[in-house]
Amino acid sequence: VENVRLLDRLSSRKAVLGTLYLTATHVIFVENGSETRKETWVLHSQISSIEKQATTATGCPLLIRCKNFQVIQLVIPQERDCHDVYISLIRLARPVKYEELYCFSFNPKLDKEEREQGWKLVDLNEEYNRMGVPNNYWQICDVNRDYGVCDSYPTEVYVPKSATAHIIVGSSKFRSRRRFPALSYYCKDNNASICRSSQPLSGFSARCLEDEQMLQAIRKANPGSDFIYVVDTRPKLNAMANRAAGKGYENEDNYSNIKFQFIGIENIHVMRNSLQKMLEVCELKSPSMSDFLWGLENSGWLKHIKAIMDAGIFIAKAVAEEGVSVLVHCSDGWDRTAQVCSVASLLLDPYYRTMKGFMVLIEKDWVSFGHKFNHRYGNLDGDPKEISPVIDQFIECVWQLMEQFPCAFEFNERFLIHIQHHIYSCQFGNFLCNSQKERRELKIQERTYSLWAHLWKNRADYLNPLYRSDHSQNQGTLHPQIAPCNFLYKFWSGMYNRFEKGLHPRQSVTDYLMAVKEETQQLEEELEVLGERLANLQKSQLGDNKVQSKQQDRSKQLRLSTSNNSLANTPQEYSNDLKSFPSRSPSQGDEEDSALILTQDNLKSSDPDLSANSDQESGVEDLSCRSPSGGGCLPSEDSGKDSDEAVFLAG
Amino acid sequence: MLRSSQPLTGPNRRRCREDETLLGTILDEGERGFIIDTRSAQAAKQARMTGGGTEPKSSYPQWRRLHRPLERGRPLQESFAKLVEACGDPSLSMDRWLGRLESSRWLSHVKAALSTACLAAQCMDREEAKVLVHGAEGTDTTLLVTALAQLILDPSCRTLAGFQGLLEREWIQAGHPFHLRCAHSAYSHARLKQEAPLFLLFLDCVWQLSRQFPFSLEFGEQLLLSLFDNAYASAYGTFLCNNEKERSLCKVKESTHSLWAWLNRPEEQQKLLNPLYSHNALVIWPSVEPQSIQLWQGLFLRWIRPSQHLDEAWAEIQRLVEEK
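Residues numbered from 1 in each chain as written. Chains lettered and ligands numbered in written order. Predicted model: local features only at pLDDT ≥ 70, side-chain atom pairs only at ≥ 80, totals over all residues. Heavy atoms only, no water.

1. Here we look at the overall build of chain A
In step 1: Counting secondary structure elements, chain A contains 23 helices and 14 strands.
In step 2: Taking all 651 residues of chain A together, 58% fall into the buried category.
In step 3: Partitioning the intrachain contacts of chain A with sequence separation of at least 6 by distance along the chain shows that 70% fall at a separation of at least 24.
In step 4: Of the roughly 26,200 Å² of accessible surface on chain A, a fraction of 49% belongs to carbon and sulfur atoms. (Helix = DSSP H or I, 4+ residues; strand = E, 2+ residues; numbered from the N terminus. Buried < 20%, exposed > 50% of the residue type's maximum accessible area, 1.4 Å probe, protein only. Contact = heavy atoms within 4.5 Å. Areas by Shrake-Rupley, 256 points an atom, 1.4 Å probe, with all protein chains shown as cover.)

Dropping the structure here:
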């Protein structure tokens, strides 16, 4: 469709004219301007909702909201066209078959061997071995090898040595969705462990010998403690209500040596609504500080993030400080349980704070343990009540921790944002379906590519320059402050306002420091080379040509250090801001790296990002856009509005 | 950019030829200027009842007047006290923290100050027009705006030396009454009439700029914290008294040491410099969206949250840069 206008969310005056294309996998908007022809690509999988708004004099507005929080406002001149686009997008954004998803047609031009290697990058067997199992207390169990015991669990899980197949099967019958207690994390220093399951089908009075034996087995697997914690991550009221439906929670009277604990994290519906409310705040035009803070509080979002974090902290403490094992469950053991177990693991074990370790963590506690990616993130069209930002919350917990412990993570914010992006993008096969069983049936590994391989290949873009594995922050457990600490939770504008260029600090400290590190390394290498030459010179006789080459090297060295400066001081075209992730065509170039062009090319001369920002610093866009009346550049006299907004151009 | 105090128009709409001529000579033939009044239009009007007022259009035809109300005085001190209270309250649940933060209105004041400074800067940079800033007395919000605007516009104010010069000019010599304004700070129950944290508000705004432009200021957070401390209680005479006249009468220069002398000693400077600094010749336009304005944890949570990990991060940054 031609002559479509793309509006800037912050400024209704900044509209760009272009052409809209719909393909099988993307929506593409191409700017008309002769020079730039900037493209905005949006994967259908990313589309969360499409809103057709009232036709105005200028055309028919269409609002596309994406799962990665990008909001695209288009104005299509003809109502008929707008309607067609709307209907098409509705259909395209709600695939019925997996084969419609982009991952089945995405071609990064790798051969079969490379694809396989990519999938092997993260190996859970290796991970369990790294943790220290199997050992005297824990063994691998293949009772679920055909998914016959629990179809949402993986084929192999780790269980206590004293848990026989009989006990496991018996326990699984007493657990919601048959998700029996299995090992999530083992701490080899003190034998304490984190196990996970779903709620017991205890109702008001039902008992199950095998389930009780299962918990005893977990306790026995840790000789250092005579009890275990059982942590129910639901609010007490919800758990009690479940009893009426024949489910519920463990009764301390029936299970010997357990200490039971509720940690009230709300359910998926509450979280879905919370995010919705927060996004509404983000969509406010020119909000006052009041509007924003009240909106944020009303959404309750940060409160929920803190609840998840507190649960993780409790469990990490139990394991690291008390040396007590913990069994975690919620209702079905695939949402809050996953969040809480992975946060706790992250706090306990510095390995999970490395890039590789983080991928392993997600693979273990989310992918292998049957988190319902399809239902939660809408790979396919499904029940809207199943949609919930569960893994988004976990990812945000990680970000909040990164803000509190800047040296403790090997990866940076961009890593988290890209992972979140791809959970929804369905460009890679890792996060499809609801369980390992479904993925194997679809032969995901033979027909799609692994995100982990892709991220790993580009790991230079995702490094945290402040990370040092020998840093004190990385020895052992992280201890976030428990209280008072409300103020430590910040609004993550890097995620929820990701595509609003004007909001973020214009100068990326991370990129700059990475460039500094790289340059230091290059200089060190140069220094070594020069050192060798000097040594050779001193050995052999001094000739003119040799002296000359020494001088050349020195000037080359100087050039290295000044080249970046000259780039930094040169203002550049701000429209080259490449932070906007989808504005890259994935089929261009070899790899999906094209989506990461901002990093690969610019890393070497990453300062252009700085100077691009410098130019923005003199850009007027930010100021003149914000006038709500859309009037002239400067306000009229005596505007006299005593609002607390003080928008400096309010008419 | 010029600053002054309010014209004494009074209830009878007095005129003053000399004032009109002065403002007239500043502008060229046909040129227009902007007056940024940091009071609301209503407050400015009411000021006439007590002898003050605004510049009437008829007498100052070349000047356009804009009102950008900025909080000052008692309400600003209350705002400060409320925020500090909220930060220190251990019983606050997450549920209520944001509400308390909001009801202190401190961040709204930061937003307003930055917005107004940007407006003044925009008039000069984009419209290439001259700007006159005043409130009532010309000693509080006026200085807030002019000082911030210069930081935004002028890269030389962003160097360590330039910033000190800015403080000397726009706050100390301009007559901000430090003695009255920086008396007991936030914990005191005695709400002195003249006490108000304008200078702290300025420092907070500077911190916001440093957060949004981490490479553009030659100094770091340490300097801002140090200035905050010294404004209230200092071993040095720099922030003593209320104006140059008083300082002269008290013989401050003869009997005390200057804070600048201390801060500029090489060992001290090292601690204050920003390792990421690189001269930026352009104007820096901050975002004033609520998401972009954050609570200055380094100040408000200074004694409440453990800073160890952040200090370590800062040290790491310094190390990386120095290594190169």
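From this point, the discussion proceeds with the structure in view.
2. So, the sheet that holds strand S2 (residues 15-22) of chain A
Paired through backbone hydrogen bonds, the strands of a sheet run either parallel or antiparallel to each other.
Residue and element names in this part refer to chain A.
In step 1: Taken together, seven strands build an open sheet; the order of strands is S4-S3-S2-S1-S7-S6-S5 and the sheet is antiparallel. The open sheet has two free edges, formed respectively by strand S4 (39-43) and strand S5 (47-52), since each of these has just one partner strand. Adjacent strand axes in the sheet meet at a mean angle of 30 degrees, parallel and antiparallel pairs treated alike.
In step 2: Sheet topology note: the strand S1 (residues 4-7)/strand S7 (residues 71-76) ladder contains three bridges and is antiparallel. (Pairing = 2+ DSSP bridges. Axes fitted to C-alpha atoms, helices over the stretch in contact; angles between N-to-C directions.)

3. Looking at helix H5 (residues 106-125) of chain B
In step 1: If you check H5(B), its first and last C-alpha atoms are 28 Å apart, about what 20 residues at 1.5 Å a residue would give, namely 28 Å.
In step 2: With 18 of its 20 residues buried, H5(B) lies for the most part within the structure. (Expected span 1.5 Å × (residues − 1).)

4. Examining the pairing of strand S4 (residues 130-134) of chain B
All names here are of chain B.
In step 1: Of all five residues in S4, four are buried, a share of seventy percent or more.
In step 2: One ladder, built from two bridges, connects strand S1 (residues 2-3) with S4; its direction is parallel. Bridge assignment links Leu2 to a residue of S4, and that residue is Leu132.
In step 3: With five bridges joining them, strand S2 (residues 33-37) and S4 adopt parallel strand pairing. Across the sheet, the residue bridging to Gly33 is Lys130, located in S4.

5. Remarks on the packing of aromatic side chains
In step 1: The tally for this structure, following the rule as stated, stands at 46 aromatic pairs over all chains.
In step 2: On the numbers, 5.9 Å between centres and 65 degrees between planes, the contact of Tyr185(A) with Tyr352(A) is edge-to-face. One end of the pair, Tyr185(A), is in strand S10 (residues 182-186); the other, Tyr352(A), is in the loop between helix H10 (336-348) and helix H11 (355-368), with 167 residues separating them in the sequence. This pair shows no difference in class: Tyr185(A) is buried, exactly as Tyr352(A) is.
In step 3: Among the aromatic residues, those joined into a ring-pair cluster are Phe163(B), Trp171(B), Phe178(B), Phe199(B), Phe202(B), Phe219(B), Phe239(B) and Trp260(B).
In step 4: The ring of Tyr352(A) has Arg130(A) sitting right over it, with the charged end atom 5.4 Å from the ring centre.
In step 5: Here Lys259(A) stacks its cationic end above the ring of Phe227(A), 4.1 Å away from the centre of that ring. (Phe/Tyr/Trp six-rings, centres within 6.5 Å; stacked < 30°, edge-to-face > 60°. Lys NZ or Arg CZ within 6 Å of the ring centre and 35° of its normal.)

6. Notes on the pattern of salt bridges
In step 1: Tallied over the full model, the rule gives 41 salt bridges over all chains.
In step 2: Residues Arg177(A) and Asp332(A) are paired through a salt bridge, measuring 3.4 Å at the closest nitrogen-oxygen approach. On the criterion of sequence distance, the pair formed by Arg177(A) in the loop between helix H4 (165-173) and S10 and Asp332(A) in the loop between strand S14 (326-329) and H10 is long-range, its members being 155 residues apart.
In step 3: Ionic pairing is found between Arg126(B) and Asp125(B), a salt bridge with its closest N-O pair at 3.1 Å. (Salt bridge = Lys/Arg side-chain N within 4 Å of Asp/Glu carboxyl O.)

7. Observations regarding the side chain of Ser435(A)
In step 1: Residue placement: Ser435(A) occurs in the loop between helix H14 (413-425) and helix H15 (436-441).
In step 2: With sequence-adjacent residues up to four places away left out, Ser435(A) is seen in contact with Asp151(A), Ser152(A) and Gly370(A).

8. Focus: helix H5 (residues 209-220) of chain A
Residues and elements named next belong to chain A.
In step 1: In this model H5 runs 16 Å from its N-terminal to its C-terminal C-alpha over twelve residues, within 8% of the 16 Å that 1.5 Å per residue would give.
In step 2: Residues of H5 that are buried include every one of Glu210, Asp211, Glu212, Met214, Leu215, Ala217, Ile218 and Arg219, and no others.
In step 3: Taken together, the buried residues of H5 touch strand S9 (157-160), H4, strand S11 (193-197), strand S12 (228-232), strand S13 (258-262) and S14.

9. Focus: the sheet that holds strand S3 (residues 63-67) of chain B
All names here are of chain B.
In step 1: Within the open sheet, the four strands sit side by side as S1-S4-S2-S3. Their pairing is parallel. Bordering the open sheet on either side are S1 and S3, each of which pairs with just one other strand.
In step 2: In this structure, S2 lies alongside S3, joined through five bridges in parallel fashion. For Ile35, the partnering residue across the bridge sits in S3 and is Arg65.

10. Describing the UniProt feature "binding site: substrate" (unreviewed entry) in chain A
Residues and elements named next belong to chain A.
In step 1: The UniProt record marks Asn267, Ile268, Cys330, Ser331, Asp332, Gly333, Trp334, Asp335 and Arg336 with the feature "binding site: substrate" (unreviewed entry), using the residue numbering of this structure. Across 70 residues in sequence, these annotated residues keep their C-alpha atoms within 12.4 Å of one another, forming a single compact spot.
In step 2: Summarising the element assignment, Ser331 is placed in the loop between S14 and H10.
In step 3: In this structure Ser331 comes out as buried when scored by relative accessible area, which is 16%.
In step 4: With near-sequence residues (within four places) excluded, Ser331 lies in contact with Ser176, Ser198, Gln199, Arg234, Asn242 and Arg336.
In step 5: Along the chain, Arg336 turns up in helix H10.
In step 6: Accessibility expressed as a relative area gives 10% for Arg336, which makes it buried.
In step 7: Residues within four places of Arg336 in sequence aside, it is in contact with Thr233, Arg234, Pro235, Ile265, Glu266, Asn267, Cys330 and Ser331.
In step 8: A distance of 2.7 Å separates a polar atom in the side chain of Arg336 from the backbone oxygen of Ile265. (UniProt positions renumbered as here; feature names shortened; annotations may be inferred. Polar contact = N/O pair within 3.5 Å; in protein donor to acceptor, adjacent residues only side chain to side chain.)

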